[in-house]
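# Overview (structure and organization)
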Amino acid sequence: MNGSAPTFVLIAEDTAHRQLAIVLTDRVVLARCEWLADFADPGREDLVDPALRGWQDFAGTEGGYVKWTRISELCRQHGVPRRHGLGLGLLRRNAEMGLRLMKLRRPLPSAVVLLCDADKHGAAALLESLNEGRRGDWPFQVAIGVCEPEAEAWYLNGYVPGSAEEERRLRELTQELGINPCARAEQLSSGRDQHKRSAKRVLGYLVEAEPAVAAAHQRARHGIRNTDMEKLRQRGSGTGLAAFLMELEERLAPCFGPLAPTAP
């Protein structure tokens, strides 16, 4: 990767979040940075050439990310002072400790992204905790996001039927649930894969995959990569996706240099 290219570090729960962060950032910067469009390749797994931006873990491994569950361990290893907290305070503590850890990284990242699922806590409370954790004078940009209720909801926001069979499946789910799960994914639940309103179960049924691995399915990724951005924002107003896209536009896109003018 070019030494002058921006590098990002993601702190998240799992690979479903990693995939979302990379694809959504690529889409945002391609829309905002005119010069990057010349290097875009829709047929490539990474929409933006990896030579023009990097996603790394704390050690600098390309394509990696840092799991929330490893923050305390990494901080102990590198002498970052411990912060105390319980419940929602634990997320605030881990966010602050994670950012303090990234200050030790060399070279410093251009930005750090903090991403998690709301689960049963509620997105508003978790966003407040993340926002409090990022307060301070950091030597990099910090973007935050919360999936309401979990990452699969964002994949559902991007799902658009592409065949008669997919349309049938979506109609069936809409009738069963009383809502269009792609337009109202925030009304689904997290965990318990076989629960009627489980976001994992719903996504799994639409993409014909086991609920636990549905987010990794190529069909699930297709929507996030290709669905119109305005549709993603409209559908994602209740799932946290629209707010996350705004965070990427305001905090990560400027890392690439000159931006295209935004619509009034």
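Use the structure listed above.
A brief look at the structure comes next.

Conventions adopted
Residues numbered from 1 in each chain as written. Predicted model: local features only at pLDDT ≥ 70, side-chain atom pairs only at ≥ 80, totals over all residues. Heavy atoms only, no water. Helix = DSSP H or I, 4+ residues; strand = E, 2+ residues; numbered from the N terminus. Rg over C-alpha atoms; globule rule 2.2 N^0.38 Å. Buried < 20%, exposed > 50% of the residue type's maximum accessible area, 1.4 Å probe, protein only. Contact = heavy atoms within 4.5 Å. Areas by Shrake-Rupley, 256 points an atom, 1.4 Å probe, with all protein chains shown as cover. Lys, Arg positive; Asp, Glu negative; His and termini not counted. Charge placed at Lys NZ, Arg CZ, Asp CG, Glu CD. Pairing = 2+ DSSP bridges. Right-handed = clockwise from strand over helix to strand, strands pointing away. Core = buried A, V, L, I, M, F, W, Y, C linked by side-chain atoms within 4.5 Å. Salt bridge = Lys/Arg side-chain N within 4 Å of Asp/Glu carboxyl O. Axes fitted to C-alpha atoms, helices over the stretch in contact; angles between N-to-C directions. Parallel < 35°, antiparallel > 145°, perpendicular 65-115°, else oblique. Left-handed = near helix turned anticlockwise from the far one by under 90°. Nonpolar A, V, L, I, M, F, W, Y, C, P; charged D, E, K, R; others polar. Phe/Tyr/Trp six-rings, centres within 6.5 Å; stacked < 30°, edge-to-face > 60°. Lys NZ or Arg CZ within 6 Å of the ring centre and 35° of its normal.

### Thoughts on the overall build of the chain
When helices and strands are tallied, the chain shows 10 helices and five strands. Taken over the C-alpha trace, the chain has a radius of gyration of 18 Å; the compact-globule value for 264 residues is 18 Å, and the two agree within 12%. For the chain, the C-alpha atoms occupy an extent of roughly 55 × 45 × 35 Å along the three principal directions. Within the chain, the fraction of its 264 residues that count as buried is 51%. Once local pairs closer than 6 in sequence are excluded, the contacts in the chain between residues at least 24 apart make up 69%. Working note: accessible area of the chain is about 12,200 Å², and carbon and sulfur atoms make up 49% of it. On the chain, the mean spot of the 35 positive side-chain charges and the mean spot of the 35 negative ones are 5 Å from each other.

### Notes on the pairing of strand 5 (residues 141-147)
One face of the sheet, then the other: side chains in a regular strand alternate in exactly this way. Across the seven residues that make up strand 5, a large majority, six, are buried. Two elements, strand 4 (residues 111-117) and strand 5, share seven bridges in a ladder whose sense is parallel. Paired with A111 across the bridge in strand 5 is Q141. Tracing the backbone out of strand 4, into helix 4 (residues 123-134) and back to the parallel element strand 5 gives a crossover that is right-handed.

### Brief notes about the nonpolar core
Membership of the largest hydrophobic core comes to 55 residues, with the highest contact counts inside it found for L24 and L156. For this core, the element with the most residues is helix 1 (residues 15-32), which contributes eight residues. Look past the residues within four positions of L24 in its chain and what remains in contact with it is W154, I224, L232, L241, F244, L245 and L248. The next biggest cluster of nonpolar side chains, apart from the first, holds 27 residues, and it includes I11, L74, L99 and V112.

### Things to note about the pattern of salt bridges
A side chain of one charge can pair with a side chain of the opposite charge when the charged atoms of the two come close. This model, assessed by the stated rule, comprises 15 salt bridges. Its salt-bridge partner being E247, residue R134 comes within 2.8 Å of it at the nearest N-O pair. Pair noted here: R134 is in helix 4 and E247 is in helix 10 (residues 241-252), with a separation of 113 residues, a long-range link. Under the relative-accessibility criterion, R134 is labelled buried at 10%.

### Quick notes on the pairing of strand 1 (residues 7-12)
Strand 1 sits mainly inside the fold: six of its six residues count as buried. Residues T7, V9 and I11 of strand 1 are buried on one face, and the alternating residues F8, L10 and A12, pointing to the opposite face, are buried as well. In this structure, strand 1 lies alongside strand 2 (residues 54-56), joined through three bridges in parallel fashion. Following the sheet pairing, F8 is matched in strand 2 by W55.

### Some details on the packing of helix 6 (residues 164-177) against helix 7 (residues 199-207)
Relative to each other, helix 6 and helix 7 sit at 155°, their axes nearing to 9 Å. Accordingly, the angle class assigned to the pair helix 6 and helix 7 is roughly antiparallel. As for how helix 6 packs across helix 7, the hand of that crossing is right-handed. In this structure, helix 6 uses R168, R169, L170, E172, L173, E176 and L177 to contact helix 7, whose residues at the interface are R201, V202, Y205 and L206. Across the contact of helix 6 with helix 7, the residue classes tally to six nonpolar, no polar and five charged.

### A look at the packing of aromatic side chains
Under the criterion given, the structure shown has four aromatic pairs. Between W154 and F244, the aromatic rings sit 5.3 Å apart at their centres with planes inclined by 35°, giving tilted as the arrangement. In this pair, W154 is assigned in helix 5 (residues 151-157) and F244 in helix 10, connecting sequence segments 90 residues apart. By relative accessible area, which is 0% here, F244 ends up buried. Three or more aromatic residues joined by ring pairs make a cluster, and in this case those are F8, W55 and F256. Directly above the aromatic system of Y205 lies the positively charged group of R169, at a separation of 4.4 Å from the ring centroid.

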